[in-house]
Amino acid sequence: MTDEKQTQTAKDALAFECDLPAAPEKVWRALTVPELLAEWMMPNDIKPETGSRFAFAGPEKPIECEVLDAEPGRLLRYSWRERSETGDANGLDSIVTFTLARTVSGGTHLRIVHDGFAAAATPAVAMAGAACRLSLRAYKPKPPVAANAPRLLLRAA
């Protein structure tokens, strides 16, 4: 991996960018194949089609999502709705966007933006750093992490 950086695009957004050695098609699979996505994030039933609804099996309650844009190998954007423990509307409503671009070397420049997250983030997450770690090789499964977590572990077959 080369170039790692974190940028803040809006007051309530977290954005991470990194260059990965894997081609965009392989990274796309890691973002959109339920079994592969579950290995680095959470169990889910994602269908990468605009308008489809899916859920992540959150630590306390399901995280409800809807695919807003899906352009294979290029763009994935979905809503992210977490309800509070009491189920009221005070949970987190945000949008997660993954933008993929082929690099000169044939790898992928990956940009992840989680709009609406920073205002609700805990200080530990907000200060976690910008390391965008992406492993497309086999690894031991880790506990689930949020979509905006600065350290990503992906495996694509």
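Further up the page is the structure itself.
Residues numbered from 1 in each chain as written. Predicted model: local features only at pLDDT ≥ 70, side-chain atom pairs only at ≥ 80, totals over all residues. Heavy atoms only, no water.

## Thoughts on the packing of aromatic side chains
For the coordinates displayed, the defined rule picks out five aromatic pairs. Arranged with centres 5.4 Å apart and planes meeting at 45°, the rings of phenylalanine 56 and tryptophan 80 form a pair that is tilted. One end of the pair, phenylalanine 56, is in strand S3 (residues 53-56); the other, tryptophan 80, is in strand S5 (residues 75-81), with 24 residues separating them in the sequence. The pair formed by phenylalanine 56 and tryptophan 80 is uniform in burial state, with each residue classed as buried. Measuring from centroid to centroid gives 6.1 Å for tyrosine 78 and phenylalanine 98, while their planes differ by 40°, and the two rings are tilted. Taken as a pair, tyrosine 78 in strand S5 and phenylalanine 98 in strand S6 (residues 93-102) lie far apart in primary sequence, 20 residues in all. Judged on exposure class, the residue tyrosine 78 and its partner phenylalanine 98 are both buried. Linked through ring pairs, Phe54, Phe56, Tyr78, Trp80 and Phe98 together constitute an aromatic cluster. (Phe/Tyr/Trp six-rings, centres within 6.5 Å; stacked < 30°, edge-to-face > 60°. Helix = DSSP H or I, 4+ residues; strand = E, 2+ residues; numbered from the N terminus. Buried < 20%, exposed > 50% of the residue type's maximum accessible area, 1.4 Å probe, protein only.)

## So, the pattern of salt bridges
All chains considered together, the criterion is met by six salt bridges. The salt bridge partner of glutamate 17 is arginine 111, with a shortest N-O separation of 2.4 Å. Here arginine 111 lies in strand S7 (residues 108-115) and glutamate 17 lies in strand S2 (residues 13-20), a separation of 94 residues in the sequence. Between aspartate 93 and arginine 81 there is a salt bridge, and its shortest N-O distance comes to 2.8 Å. Note that aspartate 93 is positioned in strand S6 and arginine 81 in strand S5, a separation of twelve residues in sequence. By relative accessible area, arginine 81 is classed as partly exposed at 38%. (Salt bridge = Lys/Arg side-chain N within 4 Å of Asp/Glu carboxyl O.)

## A word on the pairing of strand S4 (residues 63-71)
Direction of pairing for S3 relative to S4: antiparallel, over a ladder of four bridges. The residue bridging arginine 53 from the neighbouring strand is glutamate 66, located in S4. Hairpin connection, S3 to S4: the antiparallel pair is bridged by six residues. Note: S4 against S5, seven bridges, orientation antiparallel. Counterpart to aspartate 69 in the pairing with S5 is arginine 77. In textbook terms, the turn of a hairpin is the stretch between consecutive antiparallel strands, and for S4 and S5 this stretch comprises three residues, one of which, glycine 73, has a positive phi near 75°. (Pairing = 2+ DSSP bridges.)

## Some words on helix H1 (residues 24-32)
Those residues of H1 that fall on the buried side of the exposure criterion are Pro24, Val27, Trp28, Ala30, Leu31 and Thr32. Close packing links the buried residues of H1 with S2, helix H2 (34-40), S4, S5, S6 and S7. (Contact = heavy atoms within 4.5 Å.)

## Observations regarding the side chain of threonine 103
Mapped onto the elements of the fold, threonine 103 is located in the loop between S6 and S7. At 3.1 Å, the side chain of threonine 103 and the side chain of serine 105 are in polar contact. Among the polar contacts listed, one links the side chain of threonine 103 to the backbone nitrogen of glycine 107, at a separation of 2.9 Å. Excluding residues that lie within four positions of it along the chain, threonine 103 makes contacts with Asp19, Thr108 and His109. (Polar contact = N/O pair within 3.5 Å; in protein donor to acceptor, adjacent residues only side chain to side chain.)

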